Amino acid sequence: MTIVAEHINKLVTSLRSFEQRYEKPAGSVKLLAVSKRQSIEKIAEAHSAGLKDFGENYLQEALEKIEKLKPLDLNWHFIGPIQANKTKPIAEEFQWVHSVDRTKIALRLNEHRADSRLPLNVCVQVNLSNEANKSGVALQDAEDLCVCIARLPHLKLRGLMAIPAPLSVFDAQRVCFRLLANEFVRLQSLYPQMDTLSMGMSNDYEAAIAEGSTLLRIGTGIFGPASNSLA
Ligand SMILES: *Cc1c(COP(=O)(O)O)cnc(C)c1O
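Just so it is clear, the model here is predicted, and its values are computed rather than measured.

Q: Give me empty space enclosed by the protein: which residues, what numbers.
A: Under the definition given, this model contains one cavity of 30 Å³ or more. The volume enclosed by the largest cavity comes to roughly 40 Å³. Lining the largest cavity are Pro164, Ala165, Pro166, Leu167, Gln173, Cys176, Phe177 and Asp204. A class-by-class count of the residues in the lining of the largest cavity yields six nonpolar, one polar and one charged.

Q: So what's going on with the pattern of salt bridges? Which residues, and what values?
A: All told, the structure shown has 14 salt bridges when counted by the stated rule. In this structure, Glu93 and Lys70 form a salt bridge, with 4.0 Å as the shortest nitrogen-oxygen distance. Separated by 23 residues along the polypeptide, Glu93 in helix α4 (residues 87-93) and Lys70 in the loop between α3 (59-68) and β3 (75-78) bring together distant segments of the chain. Glu93 gets classed as partly exposed once you look at its relative accessible area, which sits at 29%. The class of Lys70 is partly exposed, set by a relative accessible area of 48%. The partner of Arg178 in a salt bridge is Glu211, with the nearest N and O atoms 3.0 Å apart. Residue Arg178 is located in helix α7 (residues 170-190), and its partner Glu211 is located in the loop between α8 (205-210) and β9 (215-218); the two are separated by 33 residues in the primary sequence. Via salt bridges that share partners, Arg37, Glu56, Glu61 and Lys65 belong to a single interconnected network.

Q: Outline the site of the ligand, listing residues and values.
A: Within the structure, the ligand sits among Val34, Lys36, Asn57, Ile79, Ile163, Met201, Ser202, Arg217, Ile218, Gly219 and Thr220. Residue Asn57 places a side-chain N or O atom 2.6 Å away from an oxygen atom belonging to the ligand. Between an oxygen atom of the ligand and a main-chain N or O atom of Gly219, the distance comes to 2.8 Å. In the complex, 86% of the free accessible area of the ligand, which totals 390 Å², lies under the protein chains.

Q: I'd like a rundown of α7, residues and numbers included.
A: If you check α7, its first and last C-alpha atoms are 31 Å apart, about what 21 residues at 1.5 Å a residue would give, namely 30 Å. Every buried residue of α7 is accounted for by Gln173, Cys176, Phe177, Leu180, Ala181, Glu183, Phe184 and Leu187.

Q: Give me the lowdown on the nonpolar core, citing residues and values where you can.
A: Among the nonpolar cores identified, the biggest contains 65 residues, and Phe54, Leu109, Val124, Ile149, Leu160, Leu216 and Ile222 are the most heavily contacted of them. When residues of this core are assigned to their parent elements, the largest contribution, six residues, is made by α7.

Q: Break down the packing of aromatic side chains for me, with residues and values.
A: Taken as a whole and assessed by the stated rule, the structure comprises four aromatic pairs. Between Phe78 and Phe94, the ring centres sit 5.3 Å apart and the planes meet at 85°, which makes this aromatic pair edge-to-face. Residue Phe78 is found in strand β3, and its partner Phe94 is found in the loop between α4 and β4 (96-100); the two are separated by 16 residues along the sequence. For the pair Phe78 and Phe94, a shared accessibility class is recorded, and that class is buried. Within the aromatic cluster, the residues linked to one another by ring pairs are Phe18, Tyr22 and Tyr205.

Q: Can you lay out helix α1 (residues 3-21) for me, pointing to particular residues and giving the numbers?
A: In this model α1 runs 27 Å from its N-terminal to its C-terminal C-alpha over 19 residues, within 8% of the 27 Å that 1.5 Å per residue would give. Turning to α1, its buried residues number three or more, namely Val4, Ala5, Ile8, Leu11, Ser14, Leu15, Phe18 and Glu19. Tucked into the core, α1 has its buried residues touching β1 (30-34), α2 (40-48), α8, β9 and α9 (220-223). At the C-terminal side of α1, Glu23 shows a positive phi close to 55°.

Q: Give a detailed account of the layout of surface pockets, specifying residues and quantitative values.
A: For the largest pocket, the calculated volume is near 630 Å³. Looking at the lining of the largest pocket, the elements that each hand over two or more residues are β5 (120-127) and β9. In terms of residue count, β5 provides more of the lining of the largest pocket than any other element does, three residues in total. The residue makeup of the lining of the largest pocket, split by class, is 16 nonpolar, 13 polar and four charged. A volume near 340 Å³ is recorded for the second largest pocket. The wall of the second largest pocket is formed by 18 residues, among which Lys30, Leu31, Asp53, Thr214 and Leu215 lie closest to the centre.

What counts and what doesn't
Residues numbered from 1 in each chain as written. Predicted model: local features only at pLDDT ≥ 70, side-chain atom pairs only at ≥ 80, totals over all residues. Heavy atoms only, no water. 1 Å grid on protein atoms, 1.4 Å probe; cavity = no way out; pocket = protein on both sides within 12 Å on 5 of 7 lines; lining within 4 Å. Points joined across faces, edges and corners; volume = space filled by probe spheres on them. Nonpolar A, V, L, I, M, F, W, Y, C, P; charged D, E, K, R; others polar. Salt bridge = Lys/Arg side-chain N within 4 Å of Asp/Glu carboxyl O. Helix = DSSP H or I, 4+ residues; strand = E, 2+ residues; numbered from the N terminus. Buried < 20%, exposed > 50% of the residue type's maximum accessible area, 1.4 Å probe, protein only. Near = heavy atom within 4 Å. Polar contact = N/O pair within 3.5 Å; in protein donor to acceptor, adjacent residues only side chain to side chain. Areas by Shrake-Rupley, 256 points an atom, 1.4 Å probe, with all protein chains shown as cover. Expected span 1.5 Å × (residues − 1). Core = buried A, V, L, I, M, F, W, Y, C linked by side-chain atoms within 4.5 Å. Phe/Tyr/Trp six-rings, centres within 6.5 Å; stacked < 30°, edge-to-face > 60°. Contact = heavy atoms within 4.5 Å.

This is the structure:
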């Protein structure tokens, strides 16, 4: 068995046990493998170990991988900051975008998603730490952006995403995730199609599960540290 497959098996065992511990439905927490700065070979290993969903942050790198891995029929999620002039390839090549944080980006993704395709699945990225230079809409502005996205025919509003500032204390991690989870539940009553709470990474996924995450975005925990120079 490859190291990647070992990591995935351990991770799945651990997330199933956390589902039980925090009384979440079995199988309610899904895994998104964050493959930024990881090789094609490692992605193929993760696919062999049973994963279908992969997250990428850097568009050029992602497009090359998507092209090379076409035969595997993977689901690609764009999770990085989005420049307005890059929305066309994102709308064309990805199945999901987690990092929509302004109306302009939503409108452009909608415009570039072809009629013939299924709608692009979209999560609104929320900035929980209110740091001025980080991506994400303020929590109190998430609803307005959801209202906008829900009206766009080529986008499907699926949920909320956040990358909280790294915290080492478990209870502090939970407090942060709970803010997002509460808003998610409130918005779900307006938009029942919202089924995805994208929160939790390698160092805080237990807290994310405890607070109701449905999709963990795990990089290092699956692939090991990312490389700086992808050959
Ligand atoms: C890199 C990244 C992750 C994965 O982080 P790890 O700590 O390696 O699990 C998750 N989400 C986003 C948006 C990222 O950029």
